Structure formats: C-alpha cells, structure tokens
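A closer look at the structure
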Amino acid sequence: MDILISGLLLGGTYALIAMGLNLQYGVARIMNLANGEMLVLGGLAAFWMFVAAEISPLLTMLIVAPLAFVGNWLIYVFLLKPLVRRAKNQGQLEVDSILATFGMSFILVGIMVMIRSEYFTYSFLANPFEILGSTVAENRLVAFGAAVLIGLALYLWLNHSRPGMAVRAVSVSPDAAKLVGINVERISALAFALGGAVTGVGGTLISTFITLDASVGVIFTMKALIIVIMGGVGEIRGAILAALILGLVETAVATLIDPGLTLASAYLIFLLILLFRPQGLFGRRST
Amino acid sequence: MSTGRTLLQVNGATKRFGGLVAVSGMTFDVKEHEVMGIIGPNGSGKTTMMNLISGELRVTSGSIAMQGRQLSQLPAHKVSRLGVARTFQLVRILPGLSVIENVIAGGAFGHSRRWGDDALHFAQTLLDRLGLADHMYQPVGALTYIDQKRLELARALASEPQVLLLDEWLAGLNPTELQIGIDLISDLRKEGRTIILVEHVMDAIRSLCDRCVVMNSGKKIAEGKPSEVLSDPEVIRAYLGDE
Amino acid sequence: MKQVSWSGIVLAIILFALAAIVPLVANGYHLSVAVTAIMYVALATSWALFSGPTHYISLASGAFFGVGGYLVATGMSDYDQSFWLMAAIAPVVAAILATLIGLATLRLSGVYFVIFTLGLAEMVRNLVSWIQNNFLGSRGLYVLTDFTEAHIYWMLLAVCVVIYIFGWWLSHSRLGFALRIIGNDEAVAKHVGINTALSKVVLFMTTGFFAALVGAIIAPRYSYIEPNQVFSPELSFLVVIMALIGGTNRLWGPLVGVIPFTIIWEIISSNFSNFSTLFLGLAFLLIVYVIPNGFVGLLEKWGRRLRA
C-alpha cells in the first residue's frame, strides 16, 4: 500500500515532466536533451528563493513558468529554427537537434555548477501526513496536487481552445496543418516554449521532495524520454499512464530490492517497450 | 506476347491497415517477357500492391510467389535478392554517393551481386545505355529530374532483375521527357524484360503494356489488353464516377 | 572502389613510426597525455566506423569501455586470472552486449538508439555496483601489472593499427558500402538487397569490441578500479565530440579531432576544471553550427576552393 501511494504520487509529477517533453518532441519535433536541465533550473530557482527570501516554491512556480517560457521560446527561435530550416530530412534534423541540445544541456550544467556546486537542500512541508493508512510527506502530496491541476489545465487548453487545436493539428501532421493556414513555425515555437515552462514548473515541484543538484538533469531527461516513448509520442493519456507505471515500478524496486536499481528497472521497461511495442502503449502502429 | 511461362503469381493478396482494406483479394499472373500495367484511380491501392510485391509491406492474407517461391513472407532485402527490383513513386537516389556508385549500389547486394571491376564495368555499360555516360563521376545533386529518374532505373537494372517494378516512373516528366521515357521502357520491353508498371499516363499504358490489371478501392475490376479494359464501362465508371 | 595509393601507405607507415617512438622521447606528463590521446584515437576512430556512415549517434562507448576495465579488474582481483586472459574475454563480452542492444534498438529510428545508449553507462554502473555490493563483497579491485605507461601506449598503438586496417578494409568492402547506402536512405538500402539490421548490428558490435579492448588495456594505468570511475558517461561524450570535430567522412578524420582536443581538454580540466562542462557544451554547438563536417570537411572545402 505504501508502495502504491508513493509510486502514484511520484508518477503524477513524472507525468507533468513527460508532458513538457511531449509538447517539445511531439509538436515541435525537437528531441530536447536539455529538458532535464530545464527541470533542474526550476528546482534551483525554488531552492534559491526559499533559502534567500523564504518564498514558498508554490509562489516561485509562478515566476519560473513565464521565465522558462520566454527562455525556451528564445532557444527555439534563435538556435533550433535555423536547424529546422536547413535540414533536408527528418533524419538530419534529428542528429542536429540531438547534438545541439546536448550542447545546451552541458552549457546549462556548467552555468549551474558555477552558481551552486552542492546539493539544493531545503526543507519545505516535510511533515508526515496520513493517507489511507500510509504515511507520506506533505510536500509530495502538494506537488502531486499541483501537477494534477497543471496537467488538467493543459489538457483542457489543448482540447478546448483554438491555439490548443492548432497545436494538436501540428502534432498530427505539420504538412496538413500548413494547408489549413496554421503557422507551423509559430505553433512549434509556442509548443516548445510551453513544454519548457511545464518542465521548469515540474522541477520546482520535484525539488520540494527530491534533493537535486546541478548535474542530475540527464537522469530526468532519460526518465521523461522513456515515459514519452512508452506512452506513445504525442499521446497525453498514454504519457500519464506510462508515468504512473514508471513511478510505481521505481518505488517498488527501491523499496523491495535496492534503491540503486531504480534506473536499471526504468531501462528494463524501456527495453521491453522497444522490443514489443515500439509505437508505445497507446500509439498506433505507423505504416 | 504472353507466350512465356508464368513468372509471378499473385493469389488473393490482401492488405489491411487497421480497419482500412487497402488491397483486397488481388489475383493475377505475370508471364515472362511481359509488360503488365497496374492502373486505377488515385487511392485504389496500386502503390500498396507494388509494396506488397517488393516486400516493403507484408500481406495480411493471400500469397505472392515467383517461380514457385513464396515472396509474401520475406523481408524486402530477400525479395530483392531473389530478383525483384523497383523504382520509387517519389524518386529516391542516394544523395551522398556519386552517379556511378548509385548504380553499383543496385547490383552489389541484390540478385546479381557484382563487385569490384566487374560491377564498375557493368555500371558504366548501363549508364551508357541510359544516356548518363557524361555524368558518371558527378555528384547526384547536379542531375536534372529526368536524369535522376534514369539513374534510379539504372540502379534497378544493375541487379539484372527477373521482375522490374516501376512505380509511376513517368510521372512528373514534361512532354519531351515523357517521349524519351516511353522509348526507354519500350526498349526494355523489346529486350524481353518482365516489367510491372503502375502508371497514370494513358498513352504510355496503350503503347507499352501487353496486359493491364485495373484496380478500384483495392479490388481488381478488370484485366486484359489495354485497349479492351480502357473501353470497359466499369473501368470508365471507376475513373469518372457514377453519372 | 578506390585504388591502393602508395603515397598514402608510405605516409601511414611514417606516421606510425613517428607515433611508435613517442615513448622514447617523451616522458612523465607528456607521455601521459600521449597515452590519453592514443586511447581516444582508438575509441573515436572505431566509433566513427559505425556512426560516421549510418549517422546513429552512439553514446555507449563509456559503457563498453567500462565493461573492459571492470572485467579486467574483477578477473584479476577476485578470480586470480591473468591480465591477458581477461583482456581477451572482455571485448567478447562487450561485443555480445552490443549485439543484444543493437538487435533491440537498431531496428527503430535513431532517436531510440541515442536515448538508449545515453544512460547505458549509468545503468551498467548501477547494476555492477549492486552486484559488487551484494554478491561479490567490496574488497576493492586492484589491477597490478608490471606495465609502464610506455607499454600501455604501445599496446594501444597496436590496437589503433588494427582499427585502421579494419577501417581500410571496410571502406573497400561490400559491408562498408552497405553502411554508406543505409546512411543515405534506408528504404533504398533494403530494396537493393541489403540486410540493414544485420549490417548495423555487426558494425555496432565491432565498436563495442574495440571500446572494451581499449578499456581493458588502459585498466593497469589506474591500478585501483572503481566502477564509478570506469563507467564514465563523460567518456562517451568526449568520444563523440572528438570524432565529429575531426570529421567522420574519412578514416583519419577522428585523429585530426582527437589530438588538439585532448591537449585542450588536458589544459582545461587541470587548470579551469569548473569550466570543463561548459567547454564541452560549447564544443557541441561548434560542431552543429560552425563545422558540421568537422575539420576534415573544412580542409576539403578550402582545398576545393584553392583548386577552383
């Protein structure tokens, strides 16, 4: 029961991060390997604000979101759009964007190490809380709640608004979207920026219950990628389910076998998905 | 023309994509030295049929056999090694290779497996024949559209295929180029090659094909000499719609 | 398809001879930099044999390198085996591992492959540490041999020679030609009769084999091996950067990248270690935005311009 509840709570936050990456990869078609660093930046902001001015991470979130949005928008427009334009095919864009975002990821790590080379340790709402007979920390519960609210808002926006519909259209087919008068480049930039903002906020939330440091981003990039692929690229519901599965499996492995094996277990899931359902749990088999 | 023995047998070939049936119960034979046309309106399943023969796609049910050997469960590279070569609907040349390397690529792994000097000389002969001798060592980026099409054809011929699949090879050519293209295929026909072609250009079908299969909504609706099937009322209805 | 060029062979032999006498003239710090450089020459060149033509960015070098180092260490300290036996077994184990990874990921798009190899070193390290702690006991892994830096250097040089001969053979073989076609257009490759999955797996396996061999040979340099140190993800990135900066369209391309990069990297990590990650990032951006075909591509472009 403990495992179930902690796993679900962890999975909820994972879902939010995966949603961010899904917007970037599923819509803007950029595999952003600096995604984890965006998350750590969100965490660093929370740590810094809390330690320096005792500002609650829940308020910091409101600052992180617009900053991350603008930052990612600038990255897309100035660094990634030129790659999209010069790419002769999807394969070349893939290689270029992977190398470029690796570069950005290293640069961000380099900068963050200079700001703070130790762990971002702070204590926020670390009180025990009783739920369904299990004890969890309040901060996990709050983070989960916030993740659910943001995820829900995003889902409603995507499905019930005009720009949301344009985003979904580009995700299904950029060429067809162009034909019906959607400005694909602008929507891609919007999706990339929004994805970055969601990831940054996810980082702020995660930092309340997991201690981050400047170089841990790559682990979160990996997890987000595994979730996105497991759920099926562009599939929001798939990503949520996949995130919950990953959260559960990791918690179970950490509790029952060894905390050192959580990454190995994530990999095992990834390998099984690649072997048996490469299109993802919810994705349709492409022809 | 159709005096040769049967080379390729398509028997009840069906391909489903989820709920969509792209090719449904197609049955036809192709004889040796025959040029067989597959025609039909857009979206009737012609290219899917070609992809089933070449091994790009697997049949959902039914079978495709060449000289008694099943092709329908083999991956594309094995189908190619048994002697089926193809061109693509949207011309696909290898941009990082020179013109002659593109041709050698066609013969090195497939049916004929030529390599070294042998491959080089054979590729030169083919380029000569197709009128590309002057471009032999150029990068492919310098080629005009029809030359790219010729190059793709040379690559397919390099493996000395038993069956050549041409998927709208004449599409997109201007009237002068079209005549050159038709003459080229007509030469191949005179050499006695077995060809299956998907085509929209009716003049080409009339002058090149010994027989035609007409497809509509994934099904065969007619088969016979081009002049006969093109005057078939059902075929006309398929092309022009019910009126 | 190219003819054997005698001037090329003579040049290669002269370069080899020069490389072979380095330990006789250099010592201490300079020799140690030379060992690092030749290690990266072997790693980056074998990496480029696969990733150059196919454009599959493999970040698995660190994992295979680690398998090599770790197996030598555990074999020598825990099972009293000789260095030579373990150095022979390690590459075979890595090749098997590479085959399994290749079979699972190389059928799919390149992104899956990159992602899978991205955390591979990290995962193998986790697994190895776990096994070490729970089943083997942590007595510490010692690699004690009589080898000097010069011996290690010469062994790595020999590995480089094997890699270059293999690379030369590959560029003249059907398999090498097949890889170039796969890198150009995989659909065409299948339809001209290439078993694309097999070709890719064979080459990826070779890359894994050589990376583990290098890891095994370099292990005696450290005497004491810790899984955290040999399974370094950083190594994978350095290999990729050096190969791409040099250029992967020529067999000697990675060499051109490795030598300057190793020297700069040595200087930065010993004097400005805070900036090393930042520097890696800038190197990646340099590759993408300024020299997409590496130094070799740049040199060839200037060469063409001079002749024109």
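Rules and cut-offs
Residues numbered from 1 in each chain as written. Chains lettered and ligands numbered in written order. Predicted model: local features only at pLDDT ≥ 70, side-chain atom pairs only at ≥ 80, totals over all residues. Heavy atoms only, no water. Helix = DSSP H or I, 4+ residues; strand = E, 2+ residues; numbered from the N terminus. Rg over C-alpha atoms; globule rule 2.2 N^0.38 Å. Buried < 20%, exposed > 50% of the residue type's maximum accessible area, 1.4 Å probe, protein only. Contact = heavy atoms within 4.5 Å. Areas by Shrake-Rupley, 256 points an atom, 1.4 Å probe, with all protein chains shown as cover. Lys, Arg positive; Asp, Glu negative; His and termini not counted. Charge placed at Lys NZ, Arg CZ, Asp CG, Glu CD. 1 Å grid on protein atoms, 1.4 Å probe; cavity = no way out; pocket = protein on both sides within 12 Å on 5 of 7 lines; lining within 4 Å. Points joined across faces, edges and corners; volume = space filled by probe spheres on them. Nonpolar A, V, L, I, M, F, W, Y, C, P; charged D, E, K, R; others polar. Buried area = accessible area lost by both parts, 1.4 Å probe. Salt bridge = Lys/Arg side-chain N within 4 Å of Asp/Glu carboxyl O. Patch = residues over 30% accessible without salt bridge, like charges linked within 9 Å, V, L, I, M, F, W, Y side chains within 5 Å. Expected span 1.5 Å × (residues − 1). Arc of directions from axis to C-beta. Polar contact = N/O pair within 3.5 Å; in protein donor to acceptor, adjacent residues only side chain to side chain. Pairing = 2+ DSSP bridges. Axes fitted to C-alpha atoms, helices over the stretch in contact; angles between N-to-C directions. Parallel < 35°, antiparallel > 145°, perpendicular 65-115°, else oblique. Left-handed = near helix turned anticlockwise from the far one by under 90°.

1. Observations regarding the overall build of chain C
Each helix and strand in chain C was counted, giving 16 helices and two strands. In summary, chain C has a C-alpha radius of gyration of 19 Å against a globular reference of 19 Å for 308 residues, a match within 12%. A principal-axis box enclosing the C-alpha atoms of chain C has dimensions of 65 × 45 × 40 Å. Split into buried and exposed, the 308 residues of chain C put 56% on the buried side.

2. Description of the overall build of chain A
Scanning chain A from terminus to terminus reveals eleven helices and two strands. The C-alpha radius of gyration of chain A comes to 18 Å, within 12% of the 19 Å expected for a compact globule of 287 residues. Scored against the burial criterion, the 287 residues of chain A give a buried share of 55%. Of the contacts made within chain A by residues no fewer than 6 positions apart, 76% connect residues no fewer than 24 positions apart. Of the roughly 12300 Å² of accessible surface on chain A, a fraction of 67% belongs to carbon and sulfur atoms. In chain A, 16 positive and 14 negative side-chain charges are present, and the distance between their average locations comes to 17 Å.

3. Quick look at the layout of surface pockets
Approximately 690 Å³ is the volume found for the second largest pocket. Along the wall of the second largest pocket there are 33 residues; nearest its centre are A:Phe106, A:Val109, A:Ser215, A:Val218 and C:Pro233. The set of elements that each furnish at least two residues to the lining of the second largest pocket consists of helix H4 (90-115) and helix H9 (217-231) of chain A together with helix H7 (120-136), helix H13 (233-246) and helix H15 (276-289) of chain C. A per-element tally of the lining of the second largest pocket places H4(A) first, with five residues. Of the residues in the lining of the second largest pocket, the class split is 16 nonpolar, eleven polar and six charged.

4. Some points on the interface of chain B and chain C
How big an interface is tends to be expressed through the accessible area that disappears when the partners come together. Contact with chain B, which involves 25 residues of that partner, is made by 18 residues of chain C. Roughly 2200 Å² of surface becomes buried between chain B and chain C when both sides are summed, with 62% attributable to carbon and sulfur atoms. Interface area lost by chain B to chain C is led by B:His77, B:Phe109 and B:Trp115, which between them contribute 31%. Counting across the interface, chain B meets chain C through two salt bridges. Salt-bridge contacts for B:Arg92 lead to C:Asp185; the nearest nitrogen and oxygen are separated by 2.8 Å. Mapped onto the side of chain B that touches chain C, the elements with two or more residues apiece are helix H2 (76-81) and helix H3 (99-108) of chain B. By residue number, the principal contributor to the side of chain B that touches chain C is H3(B), which donates five residues. Its residues assigned to classes, the side of chain B that touches chain C shows ten nonpolar, seven polar and eight charged.

5. Let's talk about the interface of chain A and chain C
Taken together, the contact pairs 39 residues of chain A with 37 residues of chain C. Interface of chain A and chain C: buried area, both sides summed, is about 3400 Å²; carbon and sulfur atoms make up 81% of it. Taken as a group, A:Leu99, A:Phe106 and A:Tyr267 account for 19% of the area that chain A buries against chain C, more than any other trio of residues on that side. Taken together, the connections running from chain A to chain C amount to zero salt bridges. Counting residues per element, the ones that place at least two in the side of chain A that touches chain C are helix H3 (57-86), H4, H9 and helix H11 (262-276) of chain A.

6. Overview of a nonpolar patch on the surface
Residues and elements named next belong to chain C. Taken together, Val10, Leu11, Ile14, Leu15, Leu18, Ile21, Leu24, Val25 and Trp154 make up a surface patch of nonpolar side chains, about 890 Å² in accessible area. Those elements giving two or more residues to the nonpolar patch turn out to be helix H1 (6-20) and helix H2 (22-25). The element that contributes the greatest number of residues to the nonpolar patch is H1, accounting for five residues. Locating Leu11 in the fold gives a position in helix H1. Overall, Leu11 belongs to the exposed group, its relative accessible area being 53%.

7. Some words on helix H4 (residues 116-129) of chain B
An α-helical turn contains 3.6 residues, so any two residues separated by three or four positions project in the same direction. All names here are of chain B. Counted at 1.5 Å a residue, the expected span for H4 with its 14 residues is 20 Å, and the 20 Å between its end C-alpha atoms agrees. For H4, every residue scored as buried is listed here: Ala119, Ala123, Leu126 and Leu127. Seen from one end, H4 has its buried residues packed into an arc of 95°, which puts them on one side. Of the exposed residues in H4, those oriented more than 90 degrees away from the buried face are Asp117 and Asp128. Of the surrounding secondary structure, the elements contacted by the buried residues of H4 are H3 and helix H5 (145-157). Two residues or fewer past H4, Gly131 is found with a positive phi of approximately 80°.

8. Brief notes about the side chain of B:Glu101
Examined against the element boundaries, B:Glu101 turns out to sit in helix H3. There is a polar contact of 3.1 Å between the side chain of B:Glu101 and the side chain of C:Arg180. Sequence-distant contacts of B:Glu101, defined by excluding residues within four places in its chain, comprise C:Phe177 and C:Arg180.

9. Details of the sheet that holds strand E9 (residues 211-216) of chain B
Residue and element names in this part refer to chain B. The six strands lie next to each other as E6-E7-E8-E3-E9-E10, forming an open sheet whose pairing is mixed. Because the sheet does not close on itself, it has two edges, and the strands there are strand E6 (84-86) and strand E10 (219-224). The mean inter-strand angle of the sheet, taken between neighbouring strand axes irrespective of direction, is 20°. Of the strands in this sheet, E6 and strand E7 (163-167) touch H5, which is tilted by about 160° from E7. Across the face of the sheet, helix H9 (residues 233-240) comes into contact with strand E3 (35-39), E9 and E10 while running at roughly 130° to E10.

10. Focus on empty space enclosed by the protein
Empty space left among the atoms is revealed by rolling a probe the size of a water molecule over them. As enumerated under the stated definition, the model contains four cavities of 30 Å³ or more in all. Of the pockets and cavities examined, the largest cavity occupies roughly 80 Å³. Lining the largest cavity, in full, are B:Ser80, B:Ala85, B:Arg86, B:Phe88, B:Gly106, B:Gly110, B:Arg155, B:Ala156, B:Ser159, C:Val188, C:His191 and C:Val192. Contributions of two or more residues to the lining of the largest cavity are made by E6 and H5 of chain B together with helix H10 (186-191) of chain C. A class-by-class count of the residues in the lining of the largest cavity yields five nonpolar, five polar and two charged. Considered as a void within the structure, the second largest cavity measures approximately 50 Å³ in volume. In this structure, the second largest cavity is lined by B:Val103, B:Ile104, B:Gly107, B:Ala108, B:Arg114, B:Ala119, B:Phe122, B:Ala123 and B:Ala158. Listing elements by their share of the lining of the second largest cavity, those giving two or more residues are H3 and H4 of chain B.

11. Side note on the packing of helix H2 (residues 35-53) of chain A against helix H8 (residues 184-206) of chain A
All names here are of chain A. Their axes nearest at 7 Å, the elements H2 and H8 cross at an angle of 50°. With respect to each other, H2 and H8 are oriented oblique. The element H2 and its partner H8 pack so that their crossing is right-handed. Residues Asn35, Met38, Leu39, Gly42, Gly43 and Ala46 of H2 lie in contact with H8, whose contacting residues are Gly196, Thr199, Gly200, Gly203, Thr204 and Ile206.

12. A short note on the pairing of strand E1 (residues 6-17) of chain B
As paired elements, E1(B) and strand E2 (residues 20-31) of chain B share eight bridges and run antiparallel to each other. Across the sheet, the residue bridging to B:Lys15 is B:Val23, located in E2(B).

13. Comments concerning the pairing of E3(B)
Residues and elements named next belong to chain B. Where burial is concerned, most of E3 is hidden: five out of the five residues are buried. Residues Val35, Gly37 and Ile39 point to one face of E3 and Met36 and Ile38 to the other, with burial holding for every one of them. Relative to strand E8 (residues 194-198), E3 runs parallel, the two sharing four bridges. By the bridge assignment, Val35 is partnered in E8 with Ile195.

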